[in-house]
Amino acid sequence: AGDATAEERSVLLANRAACHLKDGACSLCVADCTSALELVPFGIKPLLRRAAAYEALERYSLAYVDYKTALQVDCSVQAAHDGVNRMTKALLEKDGVNWRQKLPPIPTVPVAAQTRWSIPSAQAPGANTPPATAPQGERGGNEPLGRAESPAAPQDKNAAGMERARMLKEEGNEFVKKGNHKKAIEKYSESLKLSKECATYTNRALCYLTLKQYKEAAQDCTEALKLDPKNVKALYRRAQALKELKDYKSSIADIKSLLKTEPKNTAALKLLQELNRA
């Protein structure tokens with residue numbers, strides 16, 4: 001709305017960015033967070049959301065800068081500490097020991113923008129909590145801004161859950177790289193309790209396939225396909241599981257569905273040949 005204040009517009013942009021992040025539209029999330037930060041610099045929410053989006057886009061140096069900036073605003077934010085640790089590891093692997101020299105400059109946060117903050121939903125009902133926009137420098141009772149932000153309290157809780165789910169999925173991925181599929185399944189299972197994500201289901205399905213738990217693998221792929229009916233990995237891995245379960249007809253049906261999306265998928269074509277001979 002044309003009569004909205006800069007603070008209100010910033011809050012709305014940050015809230016929309018959270019939706020983009022949840023939907024996997026990371027570039028749109030970055031754009032909204034950047035616009036929110038131009039309106040009200042050093043907002044903790046847009047900083048963390050933009051950092052998460054940059055991380056998903058594998059732009060690790062930019063994510064590192066945002067996580068470090070968020071820690072200047074509030075050094076108690078665990079998500080920012082965890083993000084810095086992840087980005088440090090990723091940048092070390094990518095750029096070697098001199099990775100810090102390649103970083104963009106980290107802005108200095110003014111004292112006026114430094115404040116402790118907490119997610120309202122984490123407080124007891126009726127607790128006297130600071131406004132949700134406190135990290136953006138709002139110390140007092142800006143009532144219109146408070147009303148604009150208040151619907152986001154459950155969203156903040158969801159965002160925290162989404163972040164935790166993503167971290168657990170990454171931990172699962174690390175266990176897969178190490179060949180510890182049982183531990184990876186535990187991490188993926190914890191992640192799925194927080195967020196039903198297609199990639200987490202297909203990742204866990206891969207672990208079940210490796211451990212020859214074909215029924216569980218097929219079930220996970222079915223759940224993934226409920227979220228994304230044309231997901232290639234889910235179709236292929238369910239086809240693999242169904243083949244081992246001797247359900248050749250259903251396995252062939254999955255491969256044919258996959259080939260409608262990717263007609264030249266060599267792994268799928270090879271599996272179809274095996275199924276036709278079975």
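The model shown is predicted, which means the values in this text are computed figures rather than measured ones.

1. Here we look at the overall build of the protein chain
Consideration 1: From N to C terminus, the protein chain includes 13 helices and zero strands.
Consideration 2: Each helix and strand of the protein chain, placed in order from N terminus to C terminus, yields the pattern α-α-α-α-α-α-α-α-α-α-α-α-α.
Consideration 3: Here the protein chain holds 278 residues, and 43% of them are scored as buried.
Consideration 4: Counting only contacts in the protein chain whose residues sit at least 6 apart along the sequence, the fraction spanning at least 24 positions is 55%.
Consideration 5: About 14900 Å² of surface is accessible on the protein chain, with carbon and sulfur atoms providing 53% of the total.

2. A few points about the pattern of salt bridges
Consideration 1: Using the criterion set out here, one finds 19 salt bridges in the structure.
Consideration 2: Glu 55 serves as the salt-bridge partner of Arg 86, at 2.7 Å between the closest nitrogen and oxygen. On the criterion of sequence distance, the pair formed by Arg 86 in helix 5 (residues 78–95) and Glu 55 in helix 3 (residues 44–56) is long-range, its members being 31 residues apart. Take Arg 86 and Glu 55: they sit in the same class, and that class is buried.

3. A look at the UniProt feature "repeat: TPR" (unreviewed entry) in the protein chain
Consideration 1: Feature annotation in UniProt places "repeat: TPR" (unreviewed entry) on residues 198–231, given in this structure's numbering.
Consideration 2: Secondary structure within residues 198–231 divides into 79% helix and 0% strand; the distance between the first and last C-alpha atoms comes to 8 Å.

4. Focus: helix 5
Consideration 1: Taking 1.5 Å of rise per residue, the 18 residues of helix 5 would be expected to cover 26 Å, and the 25 Å separating its terminal C-alpha atoms lies within 8% of that figure.
Consideration 2: Restricting attention to buried positions, one finds in helix 5 the residues Ala 80, Asp 82, Gly 83, Val 84, Arg 86, Met 87, Ala 90 and Leu 91.

5. A short note on the side chain of Ser 251
Consideration 1: When you line up the elements, Ser 251 lands in helix 12 (residues 248–261).
Consideration 2: Apart from the residues within four sequence positions on either side, Ser 251 is in contact with Ala 239, Leu 242, Lys 243 and Leu 275.

6. Observations regarding helix 3
Consideration 1: The end-to-end C-alpha distance of helix 3, which contains 13 residues, comes to 18 Å, matching closely the 18 Å that a straight helix rising 1.5 Å per residue would cover.
Consideration 2: The buried fraction of helix 3 is high, at twelve of 13 residues.
Consideration 3: Taken together, the buried positions of helix 3 are occupied by Ile 44, Lys 45, Pro 46, Leu 47, Leu 48, Arg 49, Arg 50, Ala 51, Ala 52, Ala 53, Tyr 54 and Glu 55.
Consideration 4: Positive phi shows up at Glu 58, right after helix 3, with a value of about 65 degrees.

7. Digging into the packing of aromatic side chains
Consideration 1: Taken as a whole, this structure holds one aromatic pair when the rule is applied.
Consideration 2: Geometrically, the ring pair formed by Tyr 64 and Trp 99 is edge-to-face, given 5.2 Å between the ring centres and 80 degrees between the ring planes. With a gap of 35 residues between them, Tyr 64 in helix 4 (residues 60–73) and Trp 99 in the loop between helix 5 and helix 6 (143–149) connect regions that are remote in the sequence.
Consideration 3: For Trp 99, a relative accessible area of 5% puts it in the buried group.
Consideration 4: Above the plane of the ring of Phe 175 lies Lys 178, whose end atom (NZ or CZ) is 5.7 Å from the centre.

8. Remarks on unusual backbone geometry
Consideration 1: The backbone phi angle of Phe 42 is positive, close to 65 degrees, even though this residue is not glycine.
Consideration 2: For Phe 42, the location among the structural elements is in the loop between helix 2 (26–39) and helix 3.
Consideration 3: Positive phi, normally seen in glycine, also occurs at Glu 58, with a value near 65 degrees.
Consideration 4: Mapped onto the elements, Glu 58 comes out in the loop between helix 3 and helix 4.

Calculation notes
- Residues numbered from 1 in each chain as written.
- Predicted model: local features only at pLDDT ≥ 70, side-chain atom pairs only at ≥ 80, totals over all residues.
- Heavy atoms only, no water.
- Helix = DSSP H or I, 4+ residues; strand = E, 2+ residues; numbered from the N terminus.
- Buried < 20%, exposed > 50% of the residue type's maximum accessible area, 1.4 Å probe, protein only.
- Contact = heavy atoms within 4.5 Å.
- Areas by Shrake-Rupley, 256 points an atom, 1.4 Å probe, with all protein chains shown as cover.
- Salt bridge = Lys/Arg side-chain N within 4 Å of Asp/Glu carboxyl O.
- UniProt positions renumbered as here; feature names shortened; annotations may be inferred.
- Expected span 1.5 Å × (residues − 1).
- Phe/Tyr/Trp six-rings, centres within 6.5 Å; stacked < 30°, edge-to-face > 60°.
- Lys NZ or Arg CZ within 6 Å of the ring centre and 35° of its normal.

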